[in-house]
Each structure stands twice: as structure tokens, then as C-alpha cells.
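# Examining the three-dimensional arrangement
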Amino acid sequence: MNQQRRLRPTRWCLPVAAAVLSSFVACVEHAAAADPAFGEYLSSECVTCHRSDGQDKGIPPIVGWPADQFVAVLQSYKTKDRTNPVMQTIAGRLSDDEMAALAAYYATLKPAN
Amino acid sequence: MKAHRRDFLKSAAAASGVVALGAPAALGQAKPRVVVIGGGPGGATAAKYIARDSKGAVEVILVEPAKQFVTCFHSNLYLGGFKSMQEITHSYDALASKYGVQLAHQAAAAIDRDKKQVRLADGVTIGYDRLVVSPGIDLKYDSVPGWGKAHEDTMPHAWKAGPQTVLLKARLDAVPDGGVIVMIAPPNPYRCPPGPYERVSMMAHALKKAGKTKAKIVVIDPKKTFSKQGLFQEGWERHYPGMVEWMAPDIHSGLKAVDPASNTVETGFETYKHCALVNVIPAQTAGKIALDAGLADASGFCPIDPSNMRSAMDANIHVLGDASIAGDMPKSAFSANSQAKVAALMIRGELVKSPTFPARYSNTCWSLIDTDDTVKVGGRYEAKDGKIAAVETFVSKTGETPQLRKETQAENMGWYSGITADMFG
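Residues numbered from 1 in each chain as written. Chains lettered and ligands numbered in written order. Predicted model: local features only at pLDDT ≥ 70, side-chain atom pairs only at ≥ 80, totals over all residues. Heavy atoms only, no water.

### Notes on the sheet that holds strand S6 (residues 108-112) of chain B
Residue and element names in this part refer to chain B. Sheet architecture is open: 3 strands sit in the order S6-S7-S8, paired in antiparallel fashion. Every interior strand has two partners, whereas the edge strands, S6 and strand S8 (125-127), have only one. Between one strand and the next, the sheet's axes are offset by a mean angle of 20°, whatever the strand orientation. The pairing of S6 with strand S7 (residues 117-120) spans 4 bridges and is classified as antiparallel. Among the inter-strand pairings, Ile111 is bridged to a residue of S7, identified as Val118. (Pairing = 2+ DSSP bridges. Helix = DSSP H or I, 4+ residues; strand = E, 2+ residues; numbered from the N terminus. Axes fitted to C-alpha atoms, helices over the stretch in contact; angles between N-to-C directions.)

Right under this line is the structure:
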């Protein structure tokens, strides 16, 4: 009985359940968007300039960056707050999902040495 | 290397067997085979990406006669004394050892599109399921009156990197103070649109560094305008005052002829006799193998499907890089590398059903004008209205700060390191 009572929906419980559900959906979407495998595919455009071994030969390495920072930097190129036109054009066509996937992929990498 | 060579011979023999039986893909061949003709930015990148990302599910054979690849990009920096030949020379070894690409160090003699075979110079034929044709450009030796292949040692072109590049540098270094250099610039379309003008800059830099500021570089151009013109002309004025004279067709009134025997260049406006150096950059076409295989149209270059780089002439063939008609994308190493990744994705998608995504292309071309003074042009591109269309473009501006130009040069060097690692590493 106690158990049933606990599980019985209450007035306040319904909105909470809805919120939990929507956050679960959001989570699933986020997980799909931040798929490192999709990020690896997208990264083929990055590695022409940013060496995948993380060496700095004149263009900043981007391997191993924290995902939040990675996304924030791309967003700042997309909004043109950062000025490099090469990165502005690259970031300009990346959706939020694509940025998240790229960030997830690069966060998994470590510099070669 | 020897092991890979043996592997290749084995596969070539197997291929010959397959050839004798007929269509390779239909006869229980262990795995689909992609043959790539040309080991430059298009071909090397495509070979690597198909082999690497298919994880052994696709056999990849790269047909390239050179054992080492000298990049045409940054060969102007060698002329200017900023890089050594060694720094622009790269090995194919890692493509074989890391990714399992089989290297056939031979020229491709012919493509039999009906039989889906490539015949190598030694007569061996290799069957393919998909063929990537990335042969770069060939020179139109009959496009400059008085000049031809027999004269390329006297009046070098150096538009394919290697011995010609070394020759041009030696000739440049021998130009006396007060000597006249004439460059015959090419008509559109040609490999590396800013290339002739970066070369002018690097020649002027080398002359100035050697104290030969009375030497002069005259550019006879068939075009009315050229890539990054305002930026180059501003730079020439600033760094090399009085040393560079660029002439549009309405000024020189047309190139009449060159005479390699006397190093003379005759235009409608003036005759330049006993030049210290004449650099002839002739008109260009897609590499001969693409023309011979009927992959080009009347323009001399190869039409492609902009959504995947597939040849418009043959569904089993993809054409990449300088040989292709890539819409708004320039003929550049960056473009070829970008196109190769699209083609690799689509080819794997067809052969092993891996996921594909809509094509997206990008390009940037950096040009060094003088030490730490570099400009760039570039953009991103998509398949649109039946061609590869520019979606957003950018170009450096005149009057930029020295600091920004220096940062752009650091980027230029970084890009070279990145793209060569992406192609060969």
C-alpha cells in the first residue's frame, strides 16, 4: 500500500515527470549530437591545418581540448567575435550539434607526445 | 618498401588474373578495389582516407611514378630562399606501412573504361571497382609561340615541382644586377591562381636579398586582372619599388613570340632581348591520362558531379583536384585535399555501405609577398545549381598591420605542415 501510494501520481508529480522526460529526451539528443564518430568525420576538415598529432607548427593544436571550451571558441568564430576569416567560414556552417560532435571527438584525443 | 612492392606485384598479378576473367567486383573478389592515379594532394589524400577509414575492407592501389613527392605548393618559398627542397619533398612510405595502401611506382599508361582496367607503363593491367583520377595538370606546349617542350630547360616553366624548380632557382640566382626577368603568365584556368604572382614576389625577394635591386621582373599577362591583385601590387610597391612591372594585355598588346636561342620575348609593345631569365608558364589542361580516357570536355578539364566528385563521363570514376572542373573552387592543393575527402567518403559509402554526408568543401590559398608579409584568400563551398558554388569567401585586405601579416605567415607554415601530414602522415 505504501509503495502504491508513493507511486500514485500527484498534482505536483505530473509536471515533474514531464520535465524529467523532456530532459531525458534532451539527453538522448545531446548524446547523439555529441557522437565522437560523427565528430571524427567532421574533423577531416580540421586536420588540413590543425595537425591531428597535436603538434604546433604555426597553427594552434586543438587535440585534447575540453569540450565546453572547444564549442565556445567555435561559437565565437561563428558570431565573428573572433576575427580569423578562415575559422569564421569554417565555423559559420557548423550547427550546434556538429560543434558538439567535434568537441566530443577532439576531447578524446591526446597529443602524440 | 620492398615488402610493399612485393605485395603490390602479388596484387597486380591477382589483378591480371581478375582481368582475364572479366569484371572484378562480380566474381567473388575478396574485397572491392579502388585504384588511384596520381599521388598529389588529391590522390594521396583519397588513397589514405579510403584505406584508413575502410579498415582493410577496401583494397587501395596508388599509381604514381615518383618515389617521392615534391609539393608544388611552397615551391615558391624554395625560390625565395625560405625553404629547402628537402622541406618540400615527402615520402609515400607511411601510406603503405600505416594504412596498407599498395604503391605502384609507375606511370599509368591507359584507362580502359569498358573493362574497368588501368594499364601501367610496364604493361601490367589492374582491374578496379572504382577509379580515382587525380593526375594534376599537363602543360600546353603549343600555347606560347616559339616555345615548346624542347625549350623547357632554356626557358623553364617550373609549374610542376621537381628538377624544373631547382633549375629555375639556379637561373634566378645567376641573374646579374640590372638583368631583366620576363615571366609569361598563364591564361585561366590554371594551377594555383595566385602562384605566378607569389613567384614574382619570391624572385624579387631573392634579388633584393642578394643586393640586385636594379634587376627587373616584367610580367606579360594574358589576363586583365589576377588573384589578390591589389594585395600583390601593394606589396611589390612597398617591398620591391621599381623592380616589378606587371603588364595587362592592353599594355603589352599581346605576346608575339619567344626565342629561346637568344632569350628574347617579343610583344606588340616591346621586344625584350637577351633576358637574364624567361619563365614561361603556359596554358594548361587536365593531365594527359584524363584526356586520353575521354574524361575531359572541350575545355580540357574534367566535368564532375559537385555532390561527390564523380566524373560526368563515367560513373565508376572520380576526378579530383586540378584536373577537375570544380566550379568556384580554385585549382589548389587545399581544394584537391578537400575534394579527396568528399570522394573518399562517397566511394566507401558505395563500396562498403559506410555512412555518407552531404559534401562540404573548403579552400584557403596563402601567398608570401616578403618576409612575414603573407596574404590569403579562401572560402567554403557546397554543391549548388549544378556546380561547386562558393557559399562564403574572404580575402586579406590592403593596409593590414604587420602583426596580422606575420600571423598569417605563421598560419601558412602551419597549414603546410598540417596538409602534408594529412596527405602522407
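### Notes on the sheet that holds strand S15 (residues 264-267) of chain B
Residues and elements named next belong to chain B. Sheet architecture is open: 3 strands sit in the order S14-S15-S16, paired in antiparallel fashion. The open sheet has two free edges, formed respectively by strand S14 (255-259) and strand S16 (271-272), since each of these has just one partner strand. Sheet topology note: the S15/S16 ladder contains 2 bridges and is antiparallel. Bridged to Glu266 within S16 is Thr271.

### Examining the packing of aromatic side chains
All chains considered together, the criterion is met by 20 aromatic pairs over all chains. Relative to Phe70 of chain A, the ring of Trp65 of chain A lies with its centre 5.8 Å away and its plane at 70°, an arrangement referred to as edge-to-face. Under the relative-accessibility criterion, Phe70 of chain A is labelled buried at 4%. Here the aromatic rings of Tyr197 of chain B and Phe232 of chain B are separated by 6.2 Å at their centres, their planes lie at 50°, and the arrangement is tilted. Of this pair, Tyr197 of chain B sits in helix H6 (residues 195-209) while Phe232 of chain B is found in helix H7 (residues 229-239), placing the two residues 35 residues apart along the sequence. For Tyr197 of chain B, a relative accessible area of 0% corresponds to the buried category. Classification of Phe232 of chain B by relative accessible area gives buried; the value is 0%. Ring-pair connections join several aromatic residues into one group, and the members of that group are Phe73, Phe334, Trp366, Trp415 and Tyr416 of chain B. Positioned over the ring face of Tyr416 of chain B is Lys83 of chain B, at 3.6 Å from the centre of the ring. (Phe/Tyr/Trp six-rings, centres within 6.5 Å; stacked < 30°, edge-to-face > 60°. Buried < 20%, exposed > 50% of the residue type's maximum accessible area, 1.4 Å probe, protein only. Lys NZ or Arg CZ within 6 Å of the ring centre and 35° of its normal.)

### Concerning helix H4 (residues 67-78) of chain A
Residues and elements named next belong to chain A. With 12 residues, H4 ought to run about 16 Å at 1.5 Å a step, and its terminal C-alpha atoms sit 16 Å apart, in line with that. Phe70, Val73, Leu74, Ser76 and Tyr77 are the residues of H4 that are buried. Burial along H4 is one-sided: seen end-on, the buried residues are contained in an arc of 160°. Where H4 is buried, its residues contact helix H5 (85-92) and helix H6 (96-108). (Expected span 1.5 Å × (residues − 1). Arc of directions from axis to C-beta. Contact = heavy atoms within 4.5 Å.)

### A look at the pattern of salt bridges
Residues and elements named next belong to chain B. What the rule picks out here adds up to 26 salt bridges over all chains. The partner of Arg113 in a salt bridge is Asp314, with the nearest N and O atoms 2.9 Å apart. Placement of Arg113 in the loop between S6 and S7 and of Asp314 in the loop between strand S20 (310-311) and strand S21 (317-319) is noted, with a sequence separation of 201 residues between them. On the accessibility criterion, Arg113 (27% relative accessible area) is partly exposed. For Asp314, a relative accessible area of 8% corresponds to the buried category. Residues participating in the shared-partner salt-bridge network are Glu234, Arg238, Asp373, Glu400 and Arg405. (Salt bridge = Lys/Arg side-chain N within 4 Å of Asp/Glu carboxyl O.)

### A word on the packing of helix H2 (residues 41-54) of chain B against helix H11 (residues 402-424) of chain B
All names here are of chain B. Running from N to C, H2 and H11 point in directions that differ by 55°, and their axes come no closer than 7 Å. Taken as axis vectors, H2 and H11 run oblique relative to one another. Residues Pro41, Ala44, Thr45, Lys48 and Tyr49 of H2 touch H11, and the partners they reach there are Ala421, Asp422, Met423 and Phe424. When grouped by side-chain class, the residues that make up the contact of H2 with H11 number 6 nonpolar, 1 polar and 2 charged. (Parallel < 35°, antiparallel > 145°, perpendicular 65-115°, else oblique. Nonpolar A, V, L, I, M, F, W, Y, C, P; charged D, E, K, R; others polar.)

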